[in-house]
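Examining the three-dimensional arrangement
One-letter residues, chain by chain:
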Amino acid sequence: MTFAPLDRQSVSDQVFGRLRDAVLGGGYAAGDALPGERDLAASFGVNRHAIREALRRLQQLGLVKVSQGGATRVQDWRATAGLDLAMALTRTGDVLPVPTLARDVMEMRVSIGADAARLCALRAGAGARAAVTAAVEDYAAAVPDLTAMGMADLAVWRRIIEGSGNIAYLLAYNSLTAGDLAVGHVPPHLRAAELLDVAAHRRLAALIDSGDATGAEQAARALLTAPVGTETKAGHR
C-alpha cells in the first residue's frame, strides 16, 4: 500500500490513525510486514521519528509487533488487542469493524455486573455495603431526570464493583466508563426501563446488604439484561 503525504499538524497522530485504519480495515492481513520506517517516512512525507511514535502506539494497542532490526508485522487484533483498542476508537468516533460491538459490550456489562454483585454480597464489609445503599438512594433522588439518574447509576455500580474486591473488574469498569462504552452508547431514554426501576435497585442493595450472594447475582442480571435487548433491536434498524 502507498499513503498520501500528510500536512504538518499532529503528524504522528495522523500516521498512527492511517496505519491503524489500514490494519483494522484489512489493508494488511495478520502476519503481513509493514513497509520499513524509511519507506513509510517517504510515503507519508514525514520524518522517521513520527513513524516510530506511530508504530509504538500501534504496538501498545496490540495491532503490530515491532522487532528491533526486523520487520514490523501485523497481528490479529482479535487475539492480541485489549479493551484499550475499543476505548481509543470510541474517543475518536471510529469503531471496530464489528457491527455487534455495542451489543457485545452490553453483554459484558451484564456478566461483570452480576458477578460483581455476587462477590460484593460475599466479601464487602459493613462500610462498603452501606456505600452501595447510599449510592442507590442518591440515584433514587434523581428521579425523574434520566440523565442525572444515568450518572448516579454509574456511581451505584462503582460502589458494587469496589465492594466485590475484584481489581480486574474495577479496571475494566474504569476503561469502559471512561470511553462511555459501559452502556454501549445507548441514550438514557432507551435505558428507561432499567434506570426508572428504583425498586429493583433498592432490592439489589438490600440483597447485597444481607449477604445473599445468589439473590444479588440474579437481581443484578435481571436489572442489567433489559438494555441488551433494546440495543440488539436498535442495531437491526
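Residues numbered from 1 in each chain as written. Predicted model: local features only at pLDDT ≥ 70, side-chain atom pairs only at ≥ 80, totals over all residues. Heavy atoms only, no water.

1. As for the nonpolar core
Core analysis: the biggest nonpolar cluster contains 37 residues, and Tyr139, Trp157, Ile160, Leu204 and Ile208 have the highest contact counts within it. The set of elements that each furnish at least two residues to this core consists of helix H6 (101-123), helix H7 (126-140), helix H8 (146-164), helix H9 (167-178), helix H11 (198-210) and helix H12 (213-235). Residue contributions to this core peak at eight residues, all from H6. With 27 residues, the next largest nonpolar core counts Leu58, Val64, Trp77 and Leu85 among its residues. (Core = buried A, V, L, I, M, F, W, Y, C linked by side-chain atoms within 4.5 Å. Buried < 20%, exposed > 50% of the residue type's maximum accessible area, 1.4 Å probe, protein only. Helix = DSSP H or I, 4+ residues; strand = E, 2+ residues; numbered from the N terminus.)

2. Structural notes on H7
The end-to-end C-alpha separation of H7 is 21 Å, in line with the 21 Å expected for 15 residues at 1.5 Å each. Among the residues making up H7, those that are buried are Arg129, Val132, Ala135, Val136, Tyr139 and Ala140. On an axial view of H7, the arc spanned by its buried residues comes to 145°, and they lie on one face. Set apart from the buried face of H7 by more than 90 degrees, the exposed residues are Ala126, Gly127 and Asp138. (Expected span 1.5 Å × (residues − 1). Arc of directions from axis to C-beta.)

3. Thoughts on the packing of aromatic side chains
Across all of its chains, the model carries zero aromatic pairs by this definition. Here the guanidinium or amino end of Arg57 rests over the ring plane of Phe16, the centre of that ring lying 3.9 Å away. (Phe/Tyr/Trp six-rings, centres within 6.5 Å; stacked < 30°, edge-to-face > 60°. Lys NZ or Arg CZ within 6 Å of the ring centre and 35° of its normal.)

4. Considering the pattern of salt bridges
This model, assessed by the stated rule, comprises eleven salt bridges. With a shortest N-O distance of 2.7 Å, Arg118 and Asp115 are connected by a salt bridge. With Arg118 and Asp115 both in helix H6 and three residues apart, this pair spans about one turn of that helix. Classification of Arg118 as partly exposed rests on a relative accessible area of 25%. (Salt bridge = Lys/Arg side-chain N within 4 Å of Asp/Glu carboxyl O.)

5. Focus: unusual backbone geometry
Of all residues except glycine, most have a negative phi; of all peptide bonds, most are trans. Here Val143 and Pro144 are connected by a cis peptide whose omega angle stands at 5°. Among the structural elements, Pro144 can be located in the loop between H7 and H8.

6. A few points about the packing of H7 against H11
Between H7 and H11, the least distance of the axes is 9 Å, while the angle of their chain directions is 170°. One way to sum up the angle between H7 and H11 is to call them roughly antiparallel. Between H7 and H11, the contacting residues are Arg129, Val132, Thr133, Val136, Glu137, Tyr139 and Ala140 on the first element and Val198, His201, Arg202, Ala205, Ile208, Asp209 and Ser210 on the second. Residues of the contact of H7 with H11, tallied by class, amount to seven nonpolar, three polar and four charged. (Axes fitted to C-alpha atoms, helices over the stretch in contact; angles between N-to-C directions. Parallel < 35°, antiparallel > 145°, perpendicular 65-115°, else oblique. Contact = heavy atoms within 4.5 Å. Nonpolar A, V, L, I, M, F, W, Y, C, P; charged D, E, K, R; others polar.)

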